[in-house]
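This is what each chain is made of:
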Amino acid sequence: MNFVRLWGSGYLSPRRFIDELSDKRAPHWGLGAQCLRALLDSLLVYLPISLMGRVPPTPSFLPVFPTERYFATLVWLTPLVLISQLLLSTAFIHCTLRLLGRTSDFDRLVNLVGMTALVVGAVLVPWDWAWFAIGGVGQYFLGISHLIIDLWAVYLVVLGMKRMLGIPTWLGIALNVLGLAVSLVVAMVFMRSPF
């Protein structure tokens, strides 16, 4: 199955998505997927709003990146942040599984989490622009709506952990939610709501 068909199966056939992903070269597919997801955010969200002259609703925490130019900074910073988030959340899940005496495979987890991030992240781009177009946006609404949409990512990763590694559903849910929380710390420091 090629990359695009695998990506599409993440929406239409979760079991096929997981089964096909199990056979893909790891961690290459997951890293590639996260890079593509980062490019989508950089070029289709942050570059246009930077060119529109918009300013983030919350100030920059980092003096080296002034608030008035922060969206232009996110054009190149987003890939670094998203890849860091992928590796951090996957490392947390992997290390926790190993500490619990469970089987784990870091490379396969990177594939799973990275491809899942692309499946969900590709939906978030048009979602954000749709809400901007109708004028119903706010950073808190977008944040909450992203968390709701992220439930699909939790489902896919938990299903993948169960089918690939034999991890019980309850543990998969707990690790996935905690992994998201760990990676959210990075997002809170560097990322800003586009609207």
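Scroll up for the structure.
Keep in mind that what you see is a predicted model, and the values were worked out from it rather than measured.

Basis of the calculations
Each chain has its residues counted from 1, running along the sequence as written. Given that the model is predicted, a residue must reach a pLDDT of at least 70 before its local features are reported, and side-chain atom pairs must reach 80 or more before they are shown or counted; all residues, however, enter totals for whole chains, interfaces and linings. Remark: hydrogens and water are excluded; side-chain values derive from all non-hydrogen atoms of the structure. Working definition: helices are DSSP H or I runs of at least four residues, strands are E runs of at least two. Numbering for both runs from the N terminus. In this treatment the radius of gyration is a C-alpha quantity, and the globule benchmark scales as 2.2 Å times the residue count to the 0.38 power. Only protein chains enter the accessibility calculation, which uses a 1.4 Å probe; a residue whose area is less than 20% of its type maximum is buried, one above 50% is exposed, and one in between is partly exposed. The criterion used for residue contact is that any of the two residues' heavy atoms lie within 4.5 Å. Definition of a polar contact: a pair of N or O atoms within 3.5 Å, with one able to donate and the other able to accept a hydrogen when the atoms are protein atoms, and with sequence-neighbouring residues admitted only if both atoms are side-chain atoms. Using protein atoms alone on a 1 Å grid, points that fit a 1.4 Å probe yet trap it form a cavity, whereas open point sets bounded by protein on both sides within 12 Å along at least five of seven lines form a pocket; residues with an atom within 4 Å of a point count as lining. Grid points are joined across faces, edges and corners, and a volume is the space filled by probe spheres set on the points. Classes in brief: Ala, Val, Leu, Ile, Met, Phe, Trp, Tyr, Cys and Pro nonpolar; Asp, Glu, Lys and Arg charged; the others, Gly included, polar. Here a pair means two rings of Phe, Tyr or Trp (six-membered ring of Trp) with centres within 6.5 Å. Their orientation is stacked below 30 degrees between planes, edge-to-face above 60, and tilted elsewhere. Both a distance and an angle decide whether a charge sits over a ring: NZ of Lys or CZ of Arg must be within 6 Å of the ring centre and within 35 degrees of the ring normal. Axis geometry follows a simple rule: fit a line to the C-alpha atoms, using only the stretch in contact for helices, then measure angles between N-to-C directions, giving values from 0 to 180 degrees. To sort the angles, those under 35 degrees are grouped as roughly parallel, those over 145 as roughly antiparallel, those from 65 to 115 as roughly perpendicular, and the leftovers as oblique. The hand of a helix crossing depends on one turn: near helix anticlockwise from the far one by less than a right angle means left-handed, and clockwise means right-handed. Within this analysis, patches are made of residues with over 30% relative accessible area and no salt bridge. Like charges are joined at 9 Å or less; nonpolar side chains (Val, Leu, Ile, Met, Phe, Trp, Tyr) at 5 Å or less. The accessible surface values rely on the Shrake-Rupley method and a 1.4 Å probe; as for residues, cover is taken only from the protein chains in view. Any carboxyl oxygen of Asp or Glu within 4 Å of a side-chain nitrogen of Lys or Arg constitutes a salt bridge here.

Our focus in this paragraph is the overall build of the protein. Secondary structure assignment for the protein yields 7 helices and 0 strands. Start at the N end of the protein and walk to the C end: the helices and strands fall as α-α-α-α-α-α-α. For a compact globule of 195 residues, the expected C-alpha radius of gyration is about 16 Å, and the protein comes in at 17 Å, within 12% of that figure. Along the first, second and third principal axes, the C-alpha atoms of the protein reach 50 × 35 × 25 Å. Evaluated residue by residue, the protein yields a buried proportion of 45% over its 195 residues. Sequence separation of 24 or more characterises 75% of the internal contacts of the protein that already satisfy a separation of 6 or more.

Right, let's get into the side chain of Asn-111. Within the secondary structure layout, Asn-111 lies in helix α5 (residues 106–134). In terms of polar contacts, Asn-111 uses its side chain to reach the backbone amide nitrogen of Gly-30, at 2.7 Å. Aside from chain neighbours lying at most four places away, what touches Asn-111 is Leu-21, Lys-24, Arg-25, Ala-26, Pro-27, His-28, Trp-29 and Gly-30.

Moving on, we get to the layout of surface pockets. In this structure, the largest pocket encloses a volume near 1400 Å³. In terms of lining residues, the largest pocket is bounded by 44 residues, among which Gln-85, His-146, Asp-150, Leu-184 and Ala-187 are the most central. When contributions to the lining of the largest pocket are tallied by element, the ones reaching two or more residues are α3 (28–51), α4 (70–99), α5, α6 (139–165) and α7 (169–190). Ranked by residues supplied to the lining of the largest pocket, first place goes to α6 with 11 residues. When the residues that make up the lining of the largest pocket are grouped by side-chain class, the tally is 26 nonpolar, 13 polar and 5 charged.

In this section: the packing of aromatic side chains. For any pair of aromatic rings, geometry is given as the distance between the ring centres together with the angle between the planes. The final tally for this structure, using the stated rule, is 9 aromatic pairs. Centroid distance Phe-3 to Trp-29: 5.6 Å. Interplanar angle 40°. Geometry classified as tilted. Placement of Phe-3 in helix α1 (residues 3–12) and of Trp-29 in helix α3 is noted, with a sequence separation of 26 residues between them. When the ring of Trp-129 is compared with that of Phe-132, the centres are 5.5 Å apart and the planes differ by 85°; the resulting orientation is edge-to-face. With Trp-129 and Phe-132 both in helix α5 and 3 residues apart, the pair spans about one turn of that helix. A network of ring pairs unites the aromatic residues Phe-3, Trp-7 and Trp-29 as a single cluster. The ring of Phe-61 has Arg-192 sitting right over it, with the charged end atom 4.5 Å from the ring centre. Just above the ring of Tyr-70 sits the side chain of Arg-192; from NZ or CZ to the centre is 5.4 Å.

At a minimum axis separation of 10 Å, helix α2 (residues 14–22) and α6 run at an interaxial angle of 55°. Classed by the angle they form, the pair α2 and α6 counts as oblique. Helix-helix and strand crossings are classified by hand; for α2 and α6 the assignment is right-handed. Contacts from Pro-14, Arg-15, Phe-17, Ile-18, Asp-19, Leu-21 and Ser-22 in α2 reach Trp-152, Tyr-155, Leu-156, Leu-159, Gly-160, Arg-163 and Met-164 in α6.

Topologically, Ser-9 is positioned in helix α1. For Ser-9, a relative accessible area of 0% translates into the label buried. A polar side-chain atom of Ser-9 sits 2.7 Å from the main-chain carbonyl oxygen of Leu-6.

Moving on to a nonpolar patch on the surface. A surface patch of nonpolar side chains, amounting to about 490 Å² of accessible area, comprises Tyr-11, Leu-12, Val-123, Trp-152 and Tyr-155. For Val-123, the location among the structural elements is in helix α5. Residue classification places Val-123 among the partly exposed residues on the basis of a relative accessible area of 33%.

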